[in-house]
Amino acid sequence: MLKFAPILLAILYGLAMYRFSAWRTGRELDTQSTELADPVLKPLMDKMARALDLPRIRVYIYEIDPVNGLAAPDGRIFITRGFYQKFLDGEVSGEEIASVIAHELGHVALGHSRRRMIDFSGQNALRTALAMVIGRFIPGVGPWLANMLTSLLAARLSRSDEYEADAYAAALLSKAGMGVAPQISLFHKLDALTKSQSGRAPAWLMSHPKTEERIAELEKLEARWQ
């Protein structure tokens, strides 16, 4: 029984991390966000709501500077203040912002946002268990190998989710009469929009599929539907 103790402890650690991460994420979003109310974006969101047979789509502004959109585990959709400011400055169009919202709606509809929180906690548990087990056979490198293996797993899951959310958004935008063009045009701008002051893309973008590959997949979808 004692030989399984590290694994059991890792599982308990993962469950505790899930609870804590969900609580901390919800608390931070509650205190640092307000509902988006923009007269230019509202008609576009209403189009998507009608396409989904919903009375309305609520979107919130998360008061941080990095350019990003996100879907919370509780189903709420956010765009960051930095992204919204790009829209106000004329660097992105309303339809391009709508494509981000559609993409995040895809994460919610497909269960990615909740699963990602579980995956995050599960990866921490797996990392801890692997580090303990590998460390018994190869002392000193257990944590390094465990981190590498779980990082590869996380990147693969993230890329798969992004492709699925892209396809969902493409279908929704097409049904709403906007087509996939806003997604493609935004992807062409993405590298420049997300560059940090040091000239590098943010860490969260590194786990996403390559931009040119996402564009190619959207073009395939568009050709198939036409």
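As the structure is a prediction and not an experimental result, all values here were calculated from the model.

Colleague: How would you explain the packing of helix 7 (residues 181–194) against helix 9 (residues 211–225) if you had to name every residue and give the values?
Modeller: Close contact between helix 7 and helix 9 brings their axes to 10 Å; oriented N to C, the two are set at 175°. Our classification of the angle between helix 7 and helix 9 gives roughly antiparallel. Here Gln183, Ile184, Phe187, His188, Leu190 and Asp191 of helix 7 come into contact with helix 9, specifically with Thr211, Arg214, Ile215, Leu218, Glu219 and Glu222. Across the contact of helix 7 with helix 9, the residue classes break down as five nonpolar, three polar and four charged.

Colleague: Run through the confidence of the model for the protein, naming residues and quoting values.
Modeller: Per-residue confidence for the protein gives a mean pLDDT of 77; residues scoring 70 or more make up 63%. Highest mean pLDDT in the protein belongs to helix 2 (residues 41–51) (97); lowest belongs to helix 8 (residues 203–206) (43). Low pLDDT, under 50, characterises residues 118–123; the predicted model gives this stretch ten contacts beyond four residues in sequence or across chains. Contacts of residues 197–206 to residues separated by more than four positions or lying in other chains number twelve contacts, the stretch itself having pLDDT below 50.

Thresholds, definitions, all that
- Residues numbered from 1 in each chain as written.
- Predicted model: local features only at pLDDT ≥ 70, side-chain atom pairs only at ≥ 80, totals over all residues.
- Heavy atoms only, no water.
- Axes fitted to C-alpha atoms, helices over the stretch in contact; angles between N-to-C directions.
- Helix = DSSP H or I, 4+ residues; strand = E, 2+ residues; numbered from the N terminus.
- Parallel < 35°, antiparallel > 145°, perpendicular 65-115°, else oblique.
- Contact = heavy atoms within 4.5 Å.
- Nonpolar A, V, L, I, M, F, W, Y, C, P; charged D, E, K, R; others polar.
- pLDDT = per-residue confidence, 0-100.

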